[in-house]
Amino acid sequence: MNQVSRPDSPAVVDYTGVLRRRWWIVLAVTVLCLVGALGYIATAHKAYSSTATVYVQPTSADIANQSSASSKLGTVNLYTEAQVVTSGVVGDVALKTLKSTLTESALVKEITVAVPANSQTLQITCNTSSGTAAADCANAFADAYLTNRSAQAKASIDEQITPLKSQISSLQSSVAKLQTTVDGLPQNSSQRATSQAQLTSEQSQLKALDGKLAGLYGEAAQTNGGNVITKAVAPSNPSSPKKSIVLVAGVVIGLLLGLVVAFLWDRRDKRLHTADDVERMLGLPVLLSLPAKAYGRRISLSSPRSRTGRAYTELAHNLAASLGEGSHIVLVAGASPGPAASVTAANLAATLARTHSEAVLVCAALRDSAGPELFGLAGEGRGLSEVLAGQATVAEVARGPASAPGLWVIPPGMDTAQSEFTLQHDTARALTTQLRRGARFVVIEVQATADGADTLPLAEFADAAVLTVEVQRTTKNQGEACIRRLRQMRTPLVGAAALPPLRPGTGIAPPQQDHSRPGLRAGDRRSDEVPGRGGPALGRGSMPSAPGSGTGLDRDLVRPGRSAYEEPADRNPGN
């Protein structure tokens, strides 16, 4: 059974994305830890280490204590000797030499002894708060150890010489007495023979003991247990803290902490940062993804040959192919407040009018619409709010921008606040029905947020909806709330458009030709047949009014085709 990953489960690319977005956190934490490491180096207690190297040679006592069958005859167990260096006996001797105020146990704790492999040396290291004291301490312990070792060897020999001398003295007395006895007895006396034999035996013993005593005296002259081959010197730099280790540790710890903080910070950030986030977290295919530099300081309609224009062309073809033949209403819904949905709807409507057939753009994002300004129609007067209030017809408010042939724009109008009271279900149905009959594509821009609730009922009559998301600004919660509202309106969501964030204060650059093609005015001639179109024009009574609404949508609703809206060429001052 295949496991289905959660929509918001992180992928490998998400981790690299976190590093790209939160690199400054990693850098800041790393620099902070590095500064902390430098502070520790500056304020930490300095420790200086100095080492004296002692060559250890076997004494006669060591040889005497070893078995003749031992394979290590003539060697010394250095690990045992290392324990002797840190013993209390050696520490007491070193303490007297140094005349230190420390106790014996405290002084011994500053000593460490290392035994290099395959050698007969001991490395005695002392750690103190100053370099001179460290050198003196190491040398004092080296001398104290050698002094103690020689004293132990001499004491061992003395312990053997004392009883031996006693035996020799006793034998000498016995031999003298026997000699006197032998001299006083007759030559052929049996007693003389016995005494002579005893004298000879004791003289042999005495000779052997004298030889052994001479050997011990010789060993007593060889009680030197070793010598210092490298004296300790005062170091110029402290051994602790070590700058290289502390600085590297600070950088490594800073990087690790920075990564943890960056990922936790990013985890709390619910914004959608990339188009991949939109697909993964909202579950919508991204039909349009614009690069970060798609818009500059001023927003304008995208040129068909530009990279952004080609992206909108691809979006228009994909929507048209998925919707099929006939007239369709496409809803462009903004997931967050701002002109992003308006910019997307304006470019999509202009592209549909250019690549397919006539299109109508309804600027229903009454507070955030930038459509009229993008087409150079700002300040054109009445619009959608007046149509919904029954104060104007579609033909009277629709404008055809010269910069987008085949497109008609219905601006928000002058009194946008009244739309909250005039847009009812039947009103929205009547308006969308008329617009559907007048053009193949009707693009309606709305805000799918809570602030756009006044015109969101138009979504019920849309054939498809595209959710506009400003990456790095729109949050996951905003996107999910908009999707929930659209699905409650039973609006088919075909995908999302991912736009770069529009910076605050971004201006609108209208087209150079900002003249519009005006719609039909009161008193203009109408015919039963629209010139250039195969179908009949929509005259009075062609639209059903909302029962009991009193909005006046039944008055002079004209099909918003190019021929129905355009004035003759000689009457249009912009042509």
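Residue positions are given per chain, counted from 1 along the sequence in the order it is written. In keeping with the model being predicted, local features are shown solely for residues with a pLDDT of at least 70 and side-chain atom pairs are shown and tallied solely at 80 or more, while totals for entire chains, interfaces and linings include all residues. The side-chain quantities take in all heavy atoms of the structure and omit both hydrogens and water.

**Re the packing of helix H3 (residues 78–85) against helix H6 (residues 131–184)**
Rules: The convention used is that axes are lines fitted to C-alpha atoms, helices contributing only their stretch in contact, and that angles between N-to-C directions extend from 0 to 180 degrees. In DSSP terms, a helix is any run of H or I states spanning at least four residues, a strand is any run of E spanning at least two, and both are numbered starting from the N terminus. In what follows, roughly perpendicular refers to angles from 65 to 115 degrees, roughly parallel to angles under 35, roughly antiparallel to angles over 145, and oblique to any angle outside these ranges. In this scheme the handedness of a crossing depends on how the near helix is turned from the far one: anticlockwise by less than a right angle means left-handed, clockwise means right-handed. Here, two residues are considered to be in contact whenever any of their heavy atoms come within 4.5 Å of each other. Under the convention adopted here, Pro, Cys and the residues Ala, Val, Leu, Ile, Met, Phe, Trp and Tyr are nonpolar, Asp, Glu, Lys and Arg are charged, and Gly plus all remaining residues are polar.
Between H3 and H6, whose axes approach to 10 Å, the crossing angle comes to 115 degrees. On the basis of their axis angle, the class for H3 and H6 is roughly perpendicular. For the crossing formed where H3 meets H6, the hand is right-handed. Together, Glu81, Val84 and Val85 of H3 and Phe141, Tyr145, Asn148 and Arg149 of H6 make up the contact between the two elements. Class assignment of the residues belonging to the contact of H3 with H6 gives a composition of four nonpolar, one polar and two charged.

**Description of the state of the cysteines**
This is how it is decided: The disulfide criterion is simple: two cysteine sulfur atoms within 2.5 Å. For every residue, the accessible area (1.4 Å probe, protein chains only) is compared with the maximum for its type, and the residue is labelled buried under 20%, exposed over 50%, or partly exposed between those bounds.
Here the structure, examined in full by the defined rule, presents one disulfide. Cys126 shares a disulfide with Cys137; S-S distance 2.3 Å. Across the S-S bond linking Cys126 and Cys137, the dihedral sits near 85 degrees, which makes this disulfide right-handed. Taken as a pair, Cys126 in strand E3 (residues 121–128) and Cys137 in helix H6 lie far apart in primary sequence, eleven residues in all. Each member of the pair Cys126 and Cys137 is classed as buried.

**Some remarks on the sheet that holds strand E1 (residues 48–56)**
Defined as follows: Two strands are counted as paired when DSSP detects at least two bridges linking them.
On the basis of which strands lie adjacent, the open sheet formed by four strands has the order E2-E3-E1-E4 and antiparallel pairing. This sheet does not close on itself; its edge strands, each paired only once, are strand E2 (111–114) and strand E4 (226–230). Each strand axis lies, on average, 30 degrees off the axis of its neighbour in the sheet, ignoring direction. For E2 and E3, the ladder comprises four bridges, and the chain directions are antiparallel. Bridging across to E3, Val113 finds its partner in Ile124. Sheet strands touched by H3: E1, E2 and E3. Its angle to E3, the strand with the most contacts, is close to 30 degrees. Sheet strands in contact with H6 are E1, E2, E3 and E4, and its direction is about 20 degrees off that of E1.

**A closer look at the environment of Val494**
Tracing the backbone shows Val494 in strand E13 (residues 493–499). Distance from Val494 to Leu284, taken between C-alpha atoms, is 7.6 Å for residues 210 residues apart in sequence.

**Looking at the pairing of E3**
By the criterion of burial, E3 is predominantly enclosed, with six of the eight residues buried. Counting the residues that bridge the hairpin from E2 to E3 gives six residues, and of these Asn118 lies at a positive phi of roughly 55 degrees.

**Topic: the pairing of strand E11 (residues 441–447)**
Along any regular strand, the residues point their side chains to alternate faces of the sheet. Counted residue by residue, E11 has seven buried out of seven residues, so it is predominantly covered. Taking every second residue as pointing to the same face, both faces of E11 are buried, with Phe441, Val443, Glu445 and Gln447 on one and Val442, Ile444 and Val446 on the other. One ladder, built from five bridges, connects strand E8 (residues 359–363) with E11; its direction is parallel. By the bridge assignment, Cys363 is partnered in E11 with Glu445.

**A look at the pattern of salt bridges**
Heads up, the rule is: Each salt bridge in this description consists of a side-chain nitrogen of Lys or Arg and a carboxyl oxygen of Asp or Glu lying within 4 Å of one another.
Across all of its chains, the model carries eight salt bridges by this definition. Here Arg473 ties to Glu470 by a salt bridge, and the two come within 2.6 Å at their closest N and O atoms.

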